[in-house]
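Residue-level structural notes
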Amino acid sequence: MIEFQTHTRDDGVGVLAPVGRLTMVAAPQLRGLVSQLVEQGHARIVVDLSGTDFIDSSGLGALIAGLKTTRQAGGDLRLAAVGPQVQAVLELTNLHRVLRPRPDVAGAFDGD
Amino acid sequence: MATDGVEHVLRVNARPESLEQVHELLAALWADDAMPTLDRMHFDTAVAEVAANIVEHATRGQDVTLVLRVSGWPDRVEARFEDDGAEAHVDLAAAAMPGSGDPDDLDAVLALAEDGRGLALARAAVDELVYEREGSTNRWFLVRRRSR
């Protein structure tokens, strides 16, 4: 099962936290939530993966889609606080080079 | 230690919601198995990808029964899938991982593939991944050897 928690910060950054397993069941929801945040003017999004126990290729596809959506709107999508399974999957697919995970949510957009 | 070939079996209708039961079956395997965490994560990842592939490609609007057997052995863990769905036209040897591109180049980012990683990921996560079609049955066989 999965649950999504979203909020926006004072600096305009949208924070999206999938809690549970990010699989083909949840991937369409994630895509929708990213689009919604971007439409509301939050093109900078942090996906807080601290509560994401598991990701599959459909979940990765949704993150890639989100990266494209935010970048097209002049923003970016950043991953933060990834757990060991998510990290392993990012490395096995070489997507850690594109979806460069940050250690924590608070500092995910530092230096920009 | 479940290293004596004790099997855990799941028989379900192949639907997206069934993937949760696949994870529960894996949890039952690990409940009495001392497989190192990294090996477990790789095995779970590959098993979940094959299960998702069956749900996505074998069903084609039809009811398909998926049977998954997982077992622990002294040197490895195994998963065997059987389903009566459509034939999977896959060439596992040729299943290539889509490219990752330059993250600072917008065109390269926009060209990133959003799908097509599942079987390449499964293959990368286990030591053996085999698919066979026999009569009207699809069979998938996965092995992850224990790290020493």
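Residues numbered from 1 in each chain as written. Chains lettered and ligands numbered in written order. Predicted model: local features only at pLDDT ≥ 70, side-chain atom pairs only at ≥ 80, totals over all residues.

**Some thoughts on the overall build of chain A**
We apply this condition: Under the DSSP-based scheme used, a helix requires at least four consecutive residues in state H or I and a strand at least two consecutive residues in state E, with every element numbered from the N terminus. To get the radius of gyration, use the C-alpha atoms; to get the globule rule, take the number of residues to the power 0.38 and multiply by 2.2 Å. Exposure classification rests on a simple neighbour count of other C-beta atoms within 10 Å of a residue's own: a residue reaching 20 or more is buried, one at 12 or fewer is exposed, and one in between is partly exposed. C-beta atoms are placed from the backbone. What counts as a contact here is a pair of residues whose C-beta atoms, placed from the backbone, lie within 7 Å.
Tallying secondary structure elements over chain A gives three helices and five strands in all. Each helix and strand of chain A, ordered N terminal to C terminal, gives the series β-β-α-β-β-α-β-α. What you see for chain A is a C-alpha radius of gyration of 12 Å, in line with the 13 Å of a compact globule of 112 residues. Principal-axis analysis of the C-alpha atoms places the extent of chain A at approximately 30 × 30 × 20 Å. Taking all 112 residues of chain A together, 54% fall into the buried category. A separation of at least 24 residues holds for 70% of the contacts in chain A among residues at least 6 apart in sequence.

**As for the confidence of the model for chain A**
Let me state the cut-off plainly: On a scale of 0 to 100, pLDDT captures the predictor's confidence in every residue.
For chain A, the average pLDDT comes to 95, and 100% of its residues sit at 70 or higher. When pLDDT is averaged over each helix and strand of chain A, the minimum, 94, is found for strand 1 (residues 2-8) of chain A and the maximum, 98, for strand 3 (residues 44-48) of chain A.

**Quick look at the environment of arginine 9 of chain A**
For arginine 9 of chain A, the position within the fold is in the loop between strand 1 and strand 2 (14-22). Separated by 65 residues in the primary sequence, arginine 9 of chain A and glycine 74 of chain A place their C-alpha atoms 18 Å from one another.

**Focus: the packing of helix 3 (residues 84-92) of chain A against helix 2 (residues 37-58) of chain B**
Packed helices, taken two at a time, are described by the angle their axes make and the gap between the axes. Which entries qualify depends on this criterion: To obtain an axis, a line is fitted to C-alpha atoms, over the contacting stretch when the element is a helix, and the angle between two such axes runs from 0 to 180 degrees between their N-to-C directions. Put simply, a crossing is left-handed when the front helix is turned counterclockwise from the back one by less than a right angle, and right-handed when it is turned clockwise. Residue polarity follows a fixed list, in which Ala, Val, Leu, Ile, Met, Phe, Trp, Tyr, Cys and Pro are nonpolar, Asp, Glu, Lys and Arg are charged, and the others, Gly among them, are polar.
Where helix 3 of chain A meets helix 2 of chain B, the closest approach of the two axes is 10 Å, and the angle between their N-to-C directions is 65°. In terms of crossing hand, the pair formed by helix 3 of chain A and helix 2 of chain B is right-handed. Every residue of helix 2 of chain B that contacts helix 3 of chain A at Pro84, Gln85, Ala88 and Val89 of chain A is listed here: Thr37, Met41, His42 and Thr45 of chain B. Counted by class, the contact of helix 3 of chain A with helix 2 of chain B contains four nonpolar, four polar and no charged residues.

**Section: the nonpolar core**
Residues and elements named next belong to chain B. Put simply, the rule is: By convention in this section, buried Ala, Val, Leu, Ile, Met, Phe, Trp, Tyr and Cys residues joined through C-beta atoms within 7 Å make up a nonpolar core.
Counting 73 residues, the largest nonpolar core has Ala46, Val47, Val50 and Ala51 as the members making the most contacts within it. In terms of residues, this core owes the most to one element, helix 2, which gives ten residues. Apart from residues no more than four positions distant in its own chain, alanine 51 is found in contact with Leu19, Val22 and Leu68.

**Thoughts on the environment of glutamate 82 of chain B**
Residue and element names in this part refer to chain B. The topology assignment puts glutamate 82 in strand 3 (residues 76-83). Expressed as a C-alpha distance, the spacing of glutamate 82 and leucine 110, which sit 28 residues apart in the sequence, is 37 Å. Here glutamate 82 is in contact with Val67, Thr137, Asn138 and Arg139, once residues within four sequence places are set aside.

**Comments concerning the interface of chain B and chain A**
Contacts between the two partners involve 28 residues from chain B and, on the opposite side, 27 residues from chain A. For the side of chain B that touches chain A, the secondary-structure elements that each account for two or more residues are helix 1 (18-31), helix 2, helix 3 (106-110) and helix 4 (118-125) of chain B. No other element matches helix 2 of chain B, which puts eight residues into the side of chain B that touches chain A. When the residues that make up the side of chain B that touches chain A are grouped by side-chain class, the tally is 14 nonpolar, seven polar and seven charged.

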